[in-house]
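# Commentary on secondary and tertiary structure
For reference, the chains in residue letters:
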Amino acid sequence: MKKISFCVLIFVNFLFVSANVSGYRSYKNYKCFNVQGDRLRIERLRHALQESDETLTYADTRDGGEFIVAPHLEDLFNKIVTQENLKTTVVYDDISKIIQSEKSLLRGSKEFSWTAYYDIDDIYKYLTNMSKSYPNLSELIVGGKTYQGRSILGLRINTPSQECTPKPVIFIESGIHAREWIAPATTTYFIKELLTSKDANITALRDQFDWRIFPSVNPDGYHYSYTVDRLWRKTLSRSTNRCFGADPNRNWNYNWGQYSSTHNPCDYQTYAGSRPFSEIETRTLAAYIQSIDNMMAYISFHSYAAMLLLPYSDSTQHVHNYDDLVKVGKSSLDYGYKVNQDKRYQGPGTAAEILYKASGGSMDWVRHALGTPLVFTYELRGNSFHWPPSRIQEQGDEVTQMMLGLVTEANKLGYY
Ligand code: 0X9
Ligand code: ZN
């Protein structure tokens, strides 16, 4: 009798331990609030909550902010919201339900698809398979290395041409923030369109450029978000015994560590790293980018503000071809609206003017260090990093049109 209960105990203990080891951070009863009102008051709310819980998740939005509030913070949240006279609406009353729904059943299916979100190994397998299926049109490329020893894998699409001069390069950097799942999903969709579409506009889009496309430049973080903590944003580099990860979009060597950056390794969101390029991902990717000649455009995909952002992120001063960037950006958005007019994107405009100032971002470094003429950050659609898997295709079609709109106007303005 004793033996049996001992075994039961061991078994129960095993279940408990394995649930903790492989368990996904549940976010049970965490509510998502949209908060509107004075920016400074919202800042005060954020500080107060962060003091009680440094894993607080928040995002600035065009008219305020969005907060994911743990049950133990709800009283404090309500108290400060009343004190500060802020307006709140509930976006999700239990974010764990959304997290569950995203990991839809299809993800185990053999065929890679755009009706579910996939883990990094599946994304990499897809890139590898496409490079094998279309060897004349594409090749697998390595843009850098990660803390956990992964390669930052991408696809180069550079179809054979009769011209002697090299084609202009368009670089796509996607998924630098781990939790912005719609970005890698959209990017693989765009790759699929470039390689398989019979639409003459899209084959021309493919053939005119030397594409370097990286669906996930923070693959360690993405895998961690996929398997452990859905709201993880950073890399996974070890900082202290207790804390790890830096924000890879605060870590580039241009005006590093100034705005929207912290020097606290335990900050859940915007720790800038111990020094510029402290993260192997940004350092190696920057070296790869620097080795490219003839880069016409650098495009970074994030989510979920629905905005089109121009350099510089930490200054309201305009770059010399700002007016062109606005024209190209507008054309890109207009093409996108052929697919989806639900909600219009804000911008194009400098991140500093229409979102918030932030330093150490990839877009700013590329523009400043390399002088790449056309540099954009797209904040794709979503609610709290969530975009229903059933609508990935639509977002992918929208981005495909956006790329067409971008190059069409760039051509009119003489960029190629
Ligand atoms: O803060 C960021 O890095 C980006 N927004 S996100 O919600 N996806 O994290 C914006 C990047 C460009 N703009 C700025 N750096 N302000
Ligand atoms: Zn982002």
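Residues numbered from 1 in each chain as written. Chains lettered and ligands numbered in written order. Predicted model: local features only at pLDDT ≥ 70, side-chain atom pairs only at ≥ 80, totals over all residues. Heavy atoms only, no water.

As a further point, take the domain arrangement of the protein chain. Segmenting the protein chain into domains produces domain 1 (7-103) and domain 2 (120-233 + 247-412). The gap between the C-alpha centroids of domain 1 and domain 2 is 28 Å. Contacts between the two partners involve 26 residues from domain 1, matched on the other side by 30 residues from domain 2. Summed over both partners, the interface of domain 1 with domain 2 comes to about 2,200 Å²; 49% of that surface belongs to carbon and sulfur atoms. The largest per-residue losses of area from domain 1 upon contact with domain 2 belong to Tyr24, Arg62 and Glu102, which jointly make up 31% of the total buried on that side. At the junction of domain 1 with domain 2, the criterion picks out two salt bridges. For the pair domain 1 and domain 2, the number of links is ten residue pairs in polar contact (both at pLDDT 80 or more). Ranked by residues supplied to the side of domain 1 that touches domain 2, first place goes to helix H4 (residues 95-102) with five residues. When the residues that make up the side of domain 1 that touches domain 2 are grouped by side-chain class, the tally is twelve nonpolar, six polar and eight charged. (Domains from an automatic or database assignment. Contact = heavy atoms within 4.5 Å. Buried area = accessible area lost by both parts, 1.4 Å probe. Salt bridge = Lys/Arg side-chain N within 4 Å of Asp/Glu carboxyl O. Polar contact = N/O pair within 3.5 Å; in protein donor to acceptor, adjacent residues only side chain to side chain. Helix = DSSP H or I, 4+ residues; strand = E, 2+ residues; numbered from the N terminus. Nonpolar A, V, L, I, M, F, W, Y, C, P; charged D, E, K, R; others polar.)

Glancing now at the state of the cysteines. Counted under the stated rule, the structure contains one disulfide. Residue Cys243 pairs covalently with Cys266 via a disulfide, S to S 2.0 Å. Note on the Cys243 and Cys266 pair: the S-S dihedral is about 90°, so by sign convention the disulfide is right-handed. Here the residue Cys243 occupies a position in the loop between helix H8 (219-227) and helix H9 (280-290), and Cys266 occupies one in the loop between H8 and H9, the gap between them amounting to 23 residues. Both residues of the pair, Cys243 and Cys266, belong to the buried class. (Disulfide = S-S within 2.5 Å. Buried < 20%, exposed > 50% of the residue type's maximum accessible area, 1.4 Å probe, protein only.)

This part is about the site of ligand 1. Taken together, 13 residues surround ligand 1, and among them Glu180, Arg233, Arg250, Tyr356 and Glu379 come closest. Separating an oxygen atom of ligand 1 from a side-chain N or O atom of Asn249 is a distance of 2.9 Å. Protein contact buries 95% of the 400 Å² of open area that ligand 1 shows by itself. Taken together, the residues that form the shell around ligand 1 break down as four nonpolar, five polar and four charged. (Near = heavy atom within 4 Å. Areas by Shrake-Rupley, 256 points an atom, 1.4 Å probe, with all protein chains shown as cover.)

With that out of the way, let us pick up the sheet that holds strand S11 (residues 346-350). Reading across the sheet, the eight strands line up as S5-S6-S8-S7-S9-S12-S10-S11 and stay open at both edges, with mixed pairing between neighbours. Of all strands in the sheet, those with a lone pairing partner are strand S5 (138-145) and S11, marking the two edges. Mean inter-strand twist for the sheet, computed between neighbouring axes without regard to direction, equals 20°. When strand S10 (residues 307-310) meets strand S12 (residues 374-380), the two strands line up antiparallel, connected through three bridges. Looking at S12, one finds that Leu308 is bridged to Tyr378. Here helix H5 (residues 120-133) sits on the sheet and contacts S5 and strand S6 (151-157); the angle it forms with S6, its principal contact strand, is near 35°. (Pairing = 2+ DSSP bridges. Axes fitted to C-alpha atoms, helices over the stretch in contact; angles between N-to-C directions.)

Turning our attention to the environment of Thr89. Within the secondary structure layout, Thr89 lies in strand S4 (residues 87-92). For Thr89, a relative accessible area of 43% translates into the label partly exposed. Separated by 56 residues in the primary sequence, Thr89 and Phe33 place their C-alpha atoms 5.6 Å from one another. Not counting residues up to four positions away in its chain, the partners in contact with Thr89 are Cys32, Phe33 and Asn34.

Helix-helix packing is described using two parameters, namely the angle between the two axes and the distance between the axes. Relative orientation of the contacting elements helix H7 (residues 200-208) and helix H13 (residues 392-412) amounts to 65°, with a least axis distance of 11 Å. Every pair of crossing elements has a handedness; the one defined by H7 and H13 is left-handed. Between H7 and H13, the residues in contact are Asn201, Ile202 and Leu205 and Thr400, Met403, Leu404 and Val407, respectively. When its residues are assigned to classes, the contact of H7 with H13 shows five nonpolar, two polar and no charged. (Left-handed = near helix turned anticlockwise from the far one by under 90°.)

All of the buried residues along H7 are Ile202, Leu205 and Arg206. Buried residues of H7, viewed axially, fall in a sector of 95°; they line one side. Looking at the packing, one finds that the buried side of H7 touches S6, helix H6 (182-196), strand S8 (210-214) and H13. Of the residues that open H7, the one with a side-chain oxygen 2.7 Å from the backbone nitrogen of Asn201 is Asp199. (Arc of directions from axis to C-beta.)

Within the element layout of this structure, Glu173 appears in strand S7 (residues 169-174). We note that Glu173 is buried and unpaired, the nearest opposite charge coming from Arg250 at a distance of 10 Å. Side chain to side chain, Glu173 and Ser300 meet in a polar contact 2.7 Å long. Discounting chain neighbours no more than four positions away, the residues touching Glu173 are Phe214, Val217, Tyr298, Ile299, Ser300, Phe301, His302 and Ser362. (Lys, Arg positive; Asp, Glu negative; His and termini not counted.)

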